[in-house]
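Structural characterization, general
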Amino acid sequence: MEEVTVPRDGYDFVVVSNRLPVDRDVDEAGNSSWRRSPGGLVSALAPVMAQRDGAWVGWHGAPDETLEPFDHDVFHLVPVMLSELEVKRYYEGFSNATLWPLYHDVIASPEFHRTWWYAYRRVNERFARMAAETASQGATVWVQDYQLQLVPRMLRRLRPDVTIGFFNHIPFPPTEIFSQLPWRRAVLDGLTGADLIGFQRPGDAQNFQRCVRKYLGVQFTKGAAQFSESTAEGTDTTWTVNAGSYPISIDVDSIKELADSPEVQARAREIREELGNPETIFLGVDRLDYTKGIGHRIKAYGELLHDGELSVADSVLIQVASPSRERVDSYRQLRELVEGMVGRINGQHDTISHTAIRYLHHGYPFEEMVALYLAADVMLVTALRDGMNLVAKEYVAARRDRSGALVLSEFTGAAEQLRQAVLVNPHDIDGLKEAMLYARDMPRAEARKRMASMRRQVLTHDVVDWSQRFLADLAGHARAGRDTPAD
Ligand code: G6P
């Protein structure tokens, strides 16, 4: 790839992610407008965007539509076009049916197709070029997540002057699993174009470093390694790649504000009343994804009803499963499976006045989610593998009175920080059942002690700290590691 001319009106700080931080609303008359997307990453980066003259490069979510750059609240947005075929091959295919299952412990079987890989490479090139044409001289570019792993090296070739960060929001797999990927060297090459690569857990950073050693023959020492490459003019450039863990968090203030709001508190009481004031509300909130262990949780709940340990008169499980990646086969199959299980359990245990499981296949506004967090006595996070799991942290942040219990899978990144949760191996259904009952029956004093300790963790490490720590390290490493002349 040839270098790109530095734009005269470029931006000092550029975020690159598969999705833009806005969602489109279309009203009844067909008029469309943009709304800021919910989520920690967007709220964490909004202040940085406003302060540093920032731009955000990403896909706006619709196929075959070319949009000009536009401004929306604090963001300058640079939309990247994806054709319908690229949505199939790059997004649904390589990103979500190859990398996603591969990086999540092969819970579903990854599919390897060369046509998907070619599309992934082509789309990554497009993102890299857009970023290169958007960044000012010496800008900082922060690339997000597994959909764009080739962008760092592509961007470095196009724009050797910019500082490049990469953050992987999902797990990075052990060598034994990563090795299955036919394009493993190319992916590692792509990532190592960055000055700093952030992971959720120290274990993810170690897995990555081992893979680099095995497939690129480069050894990291204390989280840093030297890379070099010949340019088109025949000169060598070298740079230092740093890799470490930066566990992401949530926008604590906005959750605290909602949890304090009389409307949200009233809504939480209303939810309990509408359910007939059960003694215990269990809650699950997930994207409908096979990594989340929704089936394991429902199975355990069904068995507890069957065993007589729970009854529909005393308890209810609310399961919010927001629609996700609905055209990908494994997601369709999961929906069939989960809805079949819910139907069977409800058919067996419901009474005219009580339902065992309230299954909600919808996305909800954030206020409603916080009301659910306030209404729930026991939060169930039973993921089989999860980079972090922000729902666990959101529940903790919402529980201002320090009541409530969190059952948390040890296979989430969050489990490394929320040590006072009731930790479970969700594959162990008996263990999960015991943990659910333990959480339900936990003495009030113990629950308060555990919640207070988890709250200290979450409240002192919010998503703004996360982005500041990453960006400060990126700036430091870039100053120290760039333009070292080759031997
Ligand atoms: C995970 C990924 C994100 C992704 C999100 C929603 O959290 O780490 O990169 O945006 O899921 O998935 P979607 O495919 O709808 O963007």
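Residues numbered from 1 in each chain as written. Predicted model: local features only at pLDDT ≥ 70, side-chain atom pairs only at ≥ 80, totals over all residues.

Glancing now at the site of the ligand. Every residue lining the ligand is accounted for by Arg19, Asp145, His169, Ile170, Ser324 and Arg325. Class assignment of the residues belonging to the shell around the ligand gives a composition of one nonpolar, two polar and three charged. (Near = placed C-beta within 6 Å. Nonpolar A, V, L, I, M, F, W, Y, C, P; charged D, E, K, R; others polar.)

If you trace the backbone, Met154 turns up in helix α4 (residues 151–158). Of the residues examined, Met154 has 24 C-beta atoms within 10 Å and is grouped as buried. On a C-alpha basis, the gap between Met154 and Leu191 in space is 9.4 Å, while along the polypeptide they are 37 residues apart. (Helix = DSSP H or I, 4+ residues; strand = E, 2+ residues; numbered from the N terminus. Buried ≥ 20, exposed ≤ 12 C-beta atoms within 10 Å, placed from the backbone.)

Before going further, it helps to examine the pairing of strand β10 (residues 224–230). One ladder, built from seven bridges, connects β10 with strand β11 (residues 236–245); its direction is antiparallel. Across the sheet, the residue bridging to Ala225 is Val241, located in β11. Counting the residues between successive antiparallel strands, the hairpin from β10 to β11 contains five residues, one of them, Gly234, with a positive phi of roughly 90°. (Pairing = 2+ DSSP bridges.)

The subject of this paragraph is the packing of helix α8 (residues 252–260) against helix α13 (residues 390–398). Their axes nearest at 9 Å, the elements α8 and α13 cross at an angle of 50°. With respect to their mutual orientation, α8 and α13 come out oblique. The hand of the α8/α13 crossing is right-handed. Residues Val252, Ile255, Lys256 and Ala259 of α8 pack against Glu394, Ala397 and Ala398 of α13. (Axes fitted to C-alpha atoms, helices over the stretch in contact; angles between N-to-C directions. Parallel < 35°, antiparallel > 145°, perpendicular 65-115°, else oblique. Left-handed = near helix turned anticlockwise from the far one by under 90°. Contact = placed C-beta atoms within 7 Å.)

Another point: α13. Burial runs high along α13: nine of the nine residues are buried. When we look at burial in α13, the residues that qualify are Leu390, Val391, Ala392, Lys393, Glu394, Tyr395, Val396, Ala397 and Ala398.

Before going further, it helps to spend a moment on the pairing of strand β7 (residues 135–144). With seven of its 10 residues buried, β7 lies for the most part within the structure. The sheet contact formed by strand β1 (residues 11–19) and β7 spans five bridges and is parallel. The residue bridging Val16 from the neighbouring strand is Val143, located in β7. After leaving β7, the chain enters α4 and then returns to the sheet as strand β8 (residues 163–167), a path that is right-handed. (Right-handed = clockwise from strand over helix to strand, strands pointing away.)

Core analysis: the biggest nonpolar cluster contains 153 residues, and Val14, Ala131, Val141, Leu406 and Val407 have the highest contact counts within it. Residues in contact with Val141, not counting those within four places in the same chain, are Val14, Val16, Ala131, Ala135, Leu155, Val162 and Ile164. (Core = buried A, V, L, I, M, F, W, Y, C linked by C-beta atoms within 7 Å.)

Per-residue confidence for the chain gives a mean pLDDT of 96; residues scoring 70 or more make up 98%. For this predicted complex, the interface score ipTM comes out at 0.97, alongside a pTM of 0.97. (pLDDT = per-residue confidence, 0-100.)

Let us now look at the sheet that holds strand β12 (residues 280–287). Taken together, six strands build an open sheet; the order of strands is β14-β13-β12-β15-β16-β17 and the sheet is parallel. Each edge of the open sheet carries a strand with a single partner, namely β14 (357–360) and β17 (422–424). The average undirected angle you get between the axes of adjacent strands in this sheet is 20°. Pairing geometry for strand β13 (residues 315–322) and β14, over four bridges, is parallel. If you follow Leu317 over to β14, its bridge partner there is Ile357. Lying over the sheet, helix α14 (residues 429–441) contacts β12, β15 (378–381), β16 (405–409) and β17, oriented at roughly 170° with respect to β17.

On to the sheet that holds strand β6 (residues 75–80). Read across the open sheet, the nine strands follow the order β5-β6-β4-β1-β7-β8-β9-β11-β10; overall the sheet is mixed. The sheet is open, and its two borders are formed by β5 (70–72) and β10, each paired with just one other strand. Put simply, the sheet's adjacent strands are angled 25° from each other on average, direction ignored. Where β5 and β6 come together, three bridges link them in antiparallel fashion. By the bridge assignment, Phe70 is partnered in β6 with Leu77. With respect to the sheet, helix α1 (residues 40–52) is in contact with β1, β4 (54–59) and β6, its orientation differing from that of β1 by roughly 150°. With respect to the sheet, helix α7 (residues 202–216) is in contact with β9 (196–199), β10 and β11, its orientation differing from that of β11 by roughly 145°.

Our next topic: unusual backbone geometry. Unlike most non-glycine residues, Val106 shows phi in positive territory, near 45°. Among the secondary structure elements, Val106 is positioned in the loop between α2 (84–103) and α3 (114–134). A count of 13 C-beta atoms within 10 Å places Val106 in the partly exposed class. At Asn277, a position not held by glycine, the phi torsion is positive, near 45°. Among the structural elements, Asn277 can be located in the loop between α9 (262–274) and β12. Judged by local crowding, Asn277 falls into the exposed class, with 9 C-beta atoms found within 10 Å.

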